[in-house]
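# Examination of the molecular architecture
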Amino acid sequence: MPLKSVTESFAKVIHGLKVGHLTDRVIQRSKRMVLDALGVGLLGTSTEVFHKASGYSKIYNSNVSSTVWGQPELRLPPTYAAFVNGVAIHSMDFDDTWYPATHPSGAVLPVLMALSEALPPSPKYSGLDLLLAFNVGTEVQGRLLSFAKEAYDIPKRYGEMVGTLGSAAAASKFFGLSVTECQEALAIAVSHAGAPMANAATQTKQLHMGNAARHGLEAAFLAILGLQGNKRVLDSETGFGAFYANYSPKVLPDLDSHTWLLEKQDVAFKRFPAHLATHWVADTAASVRRHLVTDKAPLPIDRIERILLRIPDVQYVNRPFPKSEHEARHSFQYVACAMLLDGVITVPAFHKHQINRPQVRELLGKVELEHPRDNLPNFNTLYCEMSVALKDGAVFTERSDTFYGYWRKPLSQKDLQEKFRANSCRTLSCHTVERLIETVENLEDLEDCSVLTTLLKETSPPKIASKSIYILNTIYHLSL
């Protein structure tokens, strides 16, 4: 008797999961993910990498088109709308993070939003249809990551491979593909996957998310057209296993015993736009700063002899003197110094003029790193310990084992909504922002999920950035 196929078991789960399988906890958690992804995506439309990606995508034209969020004048074929909106979500590293390490929403939500608008209006796709496909796409990512011990550590070689397959799974569910077509979509998606970490801290890393969204959707389209691939692509070390040194796939449980990973493992929502590991550093630096600064006095930089960070050995986040916003978002050293100096980190903290401040560069020169053996590069166990030594011999040490926004210490619903308001208020009117919050809050009751994209077309005149900065400052200070 032939061994059961892992790939077929995935296809059966993608095909067979129904709205009735969704639990209240999964619905609530995934709605928070949807709201956060929409907000960081709207904020991301202001970035340089978004404008480059959307400019490139304008060369494509189609009779079927979907909305680029917050850009009513720009409509693209669904695959390229998914690409551009995926880039926007990840353009500041502000999007949600799961464990094992992946950014689950950015590869899936843009696909479903594009399809909800581009597919024929009959039959309508409900909010529950969207939530089901969203959770199928998220589930596939988490299940694949559980097959490799290497994936439990902060990535060293690749990122976002599972995003491409999550995108393909979500699109396959939304289309209602057969089990065989779902298998083909996964096989095609594997050949589209791949995002080398050498491009971390560059604008190209932001394309990884857009590519995951686009390529997964393309895989589903190609499967519909009958394109064939290896129906055991997830079973093989030369298939999806090629991305991992210790790949050990397992057949998924039958549907009658299915349990959602999101039921057991929540996601992390960031309070500032930088690599997740730097959030432990920011939390620790804020605690140390209280020893050094009283009232509104400036940080006594001239009294500081040394800043020691005891953190995991994550080479692509070890950037002693970052030169760009993307390098600063991937710099333990910069986040530590920015928090010590300013007492808060917001979106403008990564602008070039902030990175190049003389006070920042002076502090960066005082930072040293240590990598304790027990501090492994793993988002579930890592910690940050910071010691600031003064010239008079005084030493102040603090440690952070978690931070507000982490999955074990999640953002409150109020603060998640405030983050969304801050991120979207420069693109959408205040009225539209509130309608989006209300719509996502009641997504499971929505008869037609394309209402979401209709709201995303409603722009407003540019607003003063200080309003959103103030809101994010408030979220941060309330959490300390």
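Note that the structure is predicted; figures quoted are calculated from it, not measured.

What follows is about the confidence of the model for the chain. Looking at the chain, pLDDT values average 91 and 93% of them are 70 or higher. Ignoring residues within four places in sequence, the model shows residues 474-480, a span with pLDDT below 50, making 17 contacts including any to other chains.

Another aspect to go through is the pattern of salt bridges. Per the stated rule, a full pass over the model turns up 21 salt bridges. For R310, the salt bridge goes to E370, with nearest N and O atoms at 3.4 Å. Taken together, the residues span a long stretch of sequence, with R310 in strand β3 (residues 304-310) and E370 in strand β4 (residues 367-370) at a distance of 60 residues. For E370, a relative accessible area of 36% puts it in the partly exposed group. When the shortest N-O distance is used, the salt bridge between E385 and R310 registers 2.9 Å. Of this pair, E385 sits in strand β5 (residues 384-390) while R310 sits in strand β3, and the two are 75 residues apart along the sequence. Residues participating in the shared-partner salt-bridge network are R75, E117 and K457.

What follows covers the side chain of H215. When you line up the elements, H215 lands in helix α9 (residues 203-224). Within the structure, the side chain of H215 is placed 3.4 Å from the side chain of R214, a separation counted as a polar contact. Filtering out sequence-adjacent residues up to four positions away, H215 remains in contact with T164 and H192.

Moving on: the nonpolar core. Core analysis: the biggest nonpolar cluster contains 94 residues, and L38, L144, L165, L234, F240 and Y244 have the highest contact counts within it. With 10 residues, helix α2 (residues 24-44) is the largest single contributor of residues to this core. Setting aside residues no more than four positions away along its own chain, L165 makes contact with V140, L144, L186, A189, V190, A193, L234 and F240. In this structure, Y99, L276, Y334 and F403 belong to the second largest nonpolar core, which totals 54 residues.

Strand pairing in a sheet is mediated by backbone hydrogen bonds. Such pairs are either parallel or antiparallel. What the four strands build is an open sheet, ordered β4-β3-β5-β6; its pairing is mixed. Taken across any chain shown, the strands that pair with only one partner, and hence form the sheet edges, are β4 and β6 (395-400). Pairwise comparison of adjacent strand axes, ignoring direction, gives a mean angle of 15° for this sheet.

Below, the discussion takes up the pairing of β5. Judged by how many residues are buried, β5 sits mostly within the fold: six of seven residues are covered. In this structure, β3 lies alongside β5, joined through six bridges in antiparallel fashion. Bridged to L308 within β5 is S387. Examined bridge by bridge, β5 and β6 share six bridges and lie antiparallel to one another. Bridging from a neighbouring strand, A389 pairs with V395 of β6. Counting the residues between successive antiparallel strands, the hairpin from β5 to β6 contains four residues, one of them, G393, with a positive phi of roughly 100°.

With that settled, consider the packing of aromatic side chains. Summed over the entire model, instances satisfying the criterion amount to 16 aromatic pairs. Judged by centre distance (4.4 Å) and plane angle (35°), the ring pair of Y406 and W407 falls under tilted. Both residues of the pair, Y406 and W407, count as buried. An aromatic cluster of at least three residues, connected via ring pairs, comprises Y99, Y152, W280, F379, F403, Y406 and W407.

Bringing unusual backbone geometry into the picture now. The linkage connecting Y99 with the following residue, P100, adopts the cis geometry, with an omega of -5°. Within the secondary structure layout, P100 lies in the loop between α4 (78-90) and α5 (104-118). A cis amide bond links S122 to the next residue, P123, at an omega of 0°. Mapped onto the elements of the fold, P123 is located in the loop between α5 and α6 (127-145). Look at D93: it is not a glycine, yet its phi comes out positive at around 55°. Here D93 lies in the loop between α4 and α5. D93 gets classed as buried once you look at its relative accessible area, which sits at 1%. One non-glycine residue with positive phi stands out, namely D295, at about 55°. Here D295 shows up in the loop between α11 (278-292) and β3. By relative accessible area, which is 79% here, D295 ends up exposed.

As a further point, take the side chain of R143. Note on placement: R143 falls in helix α6. If we ignore the near neighbours within four places in the chain, the residues touching R143 are F10, L252, P253, H258, T259 and L261.

Reading the values: rules and limits
Residues numbered from 1 in each chain as written. Predicted model: local features only at pLDDT ≥ 70, side-chain atom pairs only at ≥ 80, totals over all residues. Heavy atoms only, no water. pLDDT = per-residue confidence, 0-100. Contact = heavy atoms within 4.5 Å. Salt bridge = Lys/Arg side-chain N within 4 Å of Asp/Glu carboxyl O. Helix = DSSP H or I, 4+ residues; strand = E, 2+ residues; numbered from the N terminus. Buried < 20%, exposed > 50% of the residue type's maximum accessible area, 1.4 Å probe, protein only. Polar contact = N/O pair within 3.5 Å; in protein donor to acceptor, adjacent residues only side chain to side chain. Core = buried A, V, L, I, M, F, W, Y, C linked by side-chain atoms within 4.5 Å. Pairing = 2+ DSSP bridges. Axes fitted to C-alpha atoms, helices over the stretch in contact; angles between N-to-C directions. Phe/Tyr/Trp six-rings, centres within 6.5 Å; stacked < 30°, edge-to-face > 60°.

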